[in-house]
Amino acid sequence: MKNYYEMLEISENASQEEIKAQYRFLVQAWHPDKFSSPEQKEKAEDKTKEINKAYEVLGNPDKKREYDLKHNISRSDASPSRPAASRTESGPPINTSTPASYSGPVCAVCGQSAELKQTKMYENIGMVVVRKARVVEGKLCKNCINYFFWTLTGRTMVLGWWGVISFFTNILILINNLFRYIASLGMTKPRENRTEDPSPIWILTAVGGYILIGYFLFSMFSPVSAQNSSYSPSSSNASSSRPTSTPRPLVTSTSPSSASSSSQGSSCYHWSQISKNMEGRKICVYGNVYSISQSGSTSTRIEFSSKPNTFFVYSVNYIFPDLRGGDCIAADAVVQVWDGQIPFMALEDMYHCEPWMED
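Predicted model, so just to flag it, every value in this text is computed and none were measured.

Draft legend 1. Quick look at the overall build of the protein. What the protein contains, in helices and strands, is nine helices and 10 strands. A burial count over the protein gives 40% of its 359 residues as buried. Taking contacts inside the protein between residues at least 6 apart in sequence as the whole, the part at least 24 apart equals 68%. When the accessible surface of the protein is summed, it comes to about 19900 Å², and 54% of that surface belongs to carbon and sulfur atoms.

What follows is the structure, given as structure tokens:
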């Protein structure tokens, strides 16, 4: 029958610090939640009870002294009698060897002496109206931080969104876990790796989830997105007439009044000359069409350049089916500013350029 030293897999000459560190290591390694099959869980539960029973005696100096006397255990020339590293299907993939002594603080999970960082990571599982949370907190080594980051974050990324409360909580948890992990990147790994590697499934899930979230946030808040999003001028600037679904042809018989009554280029501006400082001025503008965007059957947006945050014109009431990319157009309207930085015009009619405008 195993004695308590064999149950904890330590030397009979182990110190209280070693006993405590080994106990933490074994309890974490044999935690039933780490095993999937019922047989493995049952064995882990039995092993955990055995570990707790042994530590209850050996972790108490007085009880340990009585136990040693009762079993004639001498500490003078005892030598380690622990088994070699093992990895079985029914047991955890761990290395059971422990150094004879520790030079500093030990990891709260694996019990190794290593560079440690105070860490607090979360796992959230949403269950519609309630949620299940798990917290791992303590001074951990780099290997343990790596394991818990990928495992808890991957599970949260898949299972954490199912519920109103869980949805908002999930975002905070994912941000917290990511920053805690980034803060550990400069740490030195322990000499031994006693922590099992995170599952590739959770790694891929976490990476993919962060990429999707980043893309979503970028598409919402980037300047390019703001410029390309659908724009609706305010009611004070929009035409008083009701929108119509009838396509409106590009007017070809007339030119803007400000352009036709002036000499070449004296009062009509090239689109590149328009700036937000002209806000409120009614002027003539011309340029070659770069792209045309239509929203439904009533709205048209015309841009003159591929660069973001540049001048554009917008018609909320009409589309222009005769207009093509590369056409030179002219129009006169009041200059407005979108989002505090992009000048534009909301207009009704556009015209083909006069010959001098196309040079």
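Draft legend 2. How the structure looks around helix 6 (residues 164–183). For helix 6, with 20 residues, the first-to-last C-alpha span of 30 Å sits near the 28 Å given by 1.5 Å per residue. At Asn 170, helix 6 shows its maximal kink, close to 25 degrees. Turning to helix 6, its buried residues are Ser 166, Thr 169, Asn 170, Ile 173, Leu 174, Asn 176, Asn 177 and Tyr 181. Of the surrounding elements, those touching the buried residues of helix 6 are strand 1 (117–127), strand 2 (130–140), helix 5 (142–159) and helix 7 (200–221).

Draft legend 3. View of the packing of helix 2 (residues 16–29) against helix 3 (residues 38–58). Where helix 2 contacts helix 3, the axes come no closer than 11 Å and their chain directions differ by 165 degrees. The pairing of helix 2 with helix 3 is recorded here as roughly antiparallel in orientation. Our pair here, helix 2 against helix 3, has a crossing hand that is left-handed. Contacts between helix 2 and helix 3 involve Gln 16, Ile 19, Lys 20, Tyr 23, Leu 26 and Val 27 from the former and Ile 51, Asn 52, Tyr 55 and Leu 58 from the latter. Taken together, the residues of the contact of helix 2 with helix 3 sort by class into seven nonpolar, two polar and one charged.

Draft legend 4. Here's a closer look at the packing of aromatic side chains. Going through the model one piece at a time under the given rule, you end up with 12 aromatic pairs. Geometrically, the ring pair formed by Trp 150 and Tyr 181 is edge-to-face, given 5.5 Å between the ring centres and 65 degrees between the ring planes. In this pair, Trp 150 sits in helix 5 while Tyr 181 sits in helix 6, placing the two residues 31 residues apart along the sequence. The exposure class of Tyr 181 is buried, given its relative accessible area of 17%. Aromatic pair Phe 304 and Phe 311: ring centres 5.9 Å apart, planes at 20 degrees, arrangement stacked. Across the pair, Phe 311 and Phe 304 agree in class, each one buried. In this structure, Arg 301 packs its charged tip against the face of Phe 312, placed 3.8 Å from the ring centre.

Draft legend 5. Examining the pattern of salt bridges more closely. Considering all chains together, one arrives at seven salt bridges under this definition. The residue Glu 9 makes a salt bridge to Lys 47 at a minimum N-O spacing of 3.8 Å. Here the residue Glu 9 occupies a position in the loop between helix 1 (4–8) and helix 2, and Lys 47 occupies one in helix 3, the gap between them amounting to 38 residues. By relative accessible area, which is 12% here, Lys 47 ends up buried. With a closest N to O distance of 2.5 Å, Arg 155 and Glu 123 form a salt bridge. Remark: Glu 123 occurs in strand 1 and Arg 155 occurs in helix 5; sequence separation between them is 32 residues. Here the salt bridges share partners, and the residues they tie into one network are Glu 9, Lys 47 and Glu 50.

Draft legend 6. Inspection of the nonpolar core at higher detail. Leu 8, Leu 58, Leu 140, Cys 144 and Phe 148 are the most contacted members of the largest nonpolar core, which has 37 residues in total. Those elements that place two or more of their residues in this core are helix 1, helix 2, helix 3, strand 2 and helix 5. By residue number, the principal contributor to this core is helix 5, which donates seven residues. Sequence-distant contacts of Leu 58, that is, excluding residues within four places in its chain, are made with Tyr 4, Tyr 5, Leu 8, Ile 10, Gln 16, Ile 19, Lys 64 and Tyr 67. Counting residues in each nonpolar core, the second largest holds 20 residues, with Ile 302, Phe 311, Phe 320 and Ile 329 among its members.

Draft legend 7. Examining the pairing of strand 4 (residues 282–288) more closely. Across the seven residues of strand 4, five count as buried, placing the element largely inside the fold. By the bridge criterion, three bridges tie strand 3 (residues 268–270) to strand 4 in an arrangement that is parallel. Bridging across to strand 4, Cys 268 finds its partner in Cys 284. As defined by bridge partners, strand 4 adjoins strand 8 (residues 328–338) across seven bridges and the pair is classed as antiparallel. Within the sheet, the bridge partner assigned to Lys 282 lies in strand 8 and is Val 334.

Draft legend 8. A look at the pairing of strand 6 (residues 299–303). Counting buried residues in strand 6 gives five out of five residues, a clear majority hidden from the surface. What you see with strand 6 is no split at all: Ser 299, Arg 301 and Glu 303 on one side and Thr 300 and Ile 302 on the other are buried throughout. Bridge analysis of strand 5 (residues 291–295) against strand 6 gives five bridges, and the strand direction is antiparallel. By the bridge assignment, Gln 294 is partnered in strand 6 with Thr 300.

Draft legend 9. Region of the structure containing the state of the cysteines. Under the definition given, this model contains two disulfides. Note on cysteine connectivity: Cys 268 is disulfide-linked to Cys 284, with sulfurs 1.8 Å apart. Negative torsions about the S-S bond denote left-handed disulfides, and the value of about -55 degrees found for Cys 268 with Cys 284 makes this one left-handed. Of the two residues, Cys 268 is situated in strand 3 and Cys 284 in strand 4; the sequence distance between them amounts to 16 residues. By relative accessible area, Cys 268 is classed as buried at 3%. The class for Cys 284 is buried, based on a relative accessible area of 0%. A sulfur-sulfur distance of 2.0 Å marks the disulfide that ties Cys 328 to Cys 353. Linking Cys 328 and Cys 353, the disulfide has an S-S dihedral of approximately -80 degrees and is accordingly described as left-handed. Pair noted here: Cys 328 is in strand 8 and Cys 353 is in the segment after strand 10 (351–352), with a separation of 25 residues, a long-range link. For the unlinked cysteine Cys 110, the closest cysteine sulfur is that of Cys 141, found at 3.7 Å. Owing to a relative accessible area of 2%, Cys 110 belongs among the buried residues under this scheme.

Criteria and thresholds
Residues numbered from 1 in each chain as written. Predicted model: local features only at pLDDT ≥ 70, side-chain atom pairs only at ≥ 80, totals over all residues. Heavy atoms only, no water. Helix = DSSP H or I, 4+ residues; strand = E, 2+ residues; numbered from the N terminus. Buried < 20%, exposed > 50% of the residue type's maximum accessible area, 1.4 Å probe, protein only. Contact = heavy atoms within 4.5 Å. Areas by Shrake-Rupley, 256 points an atom, 1.4 Å probe, with all protein chains shown as cover. Expected span 1.5 Å × (residues − 1). Bend = angle between axes of the 7 residues up to and from the residue. Axes fitted to C-alpha atoms, helices over the stretch in contact; angles between N-to-C directions. Parallel < 35°, antiparallel > 145°, perpendicular 65-115°, else oblique. Left-handed = near helix turned anticlockwise from the far one by under 90°. Nonpolar A, V, L, I, M, F, W, Y, C, P; charged D, E, K, R; others polar. Phe/Tyr/Trp six-rings, centres within 6.5 Å; stacked < 30°, edge-to-face > 60°. Lys NZ or Arg CZ within 6 Å of the ring centre and 35° of its normal. Salt bridge = Lys/Arg side-chain N within 4 Å of Asp/Glu carboxyl O. Core = buried A, V, L, I, M, F, W, Y, C linked by side-chain atoms within 4.5 Å. Pairing = 2+ DSSP bridges. Disulfide = S-S within 2.5 Å.

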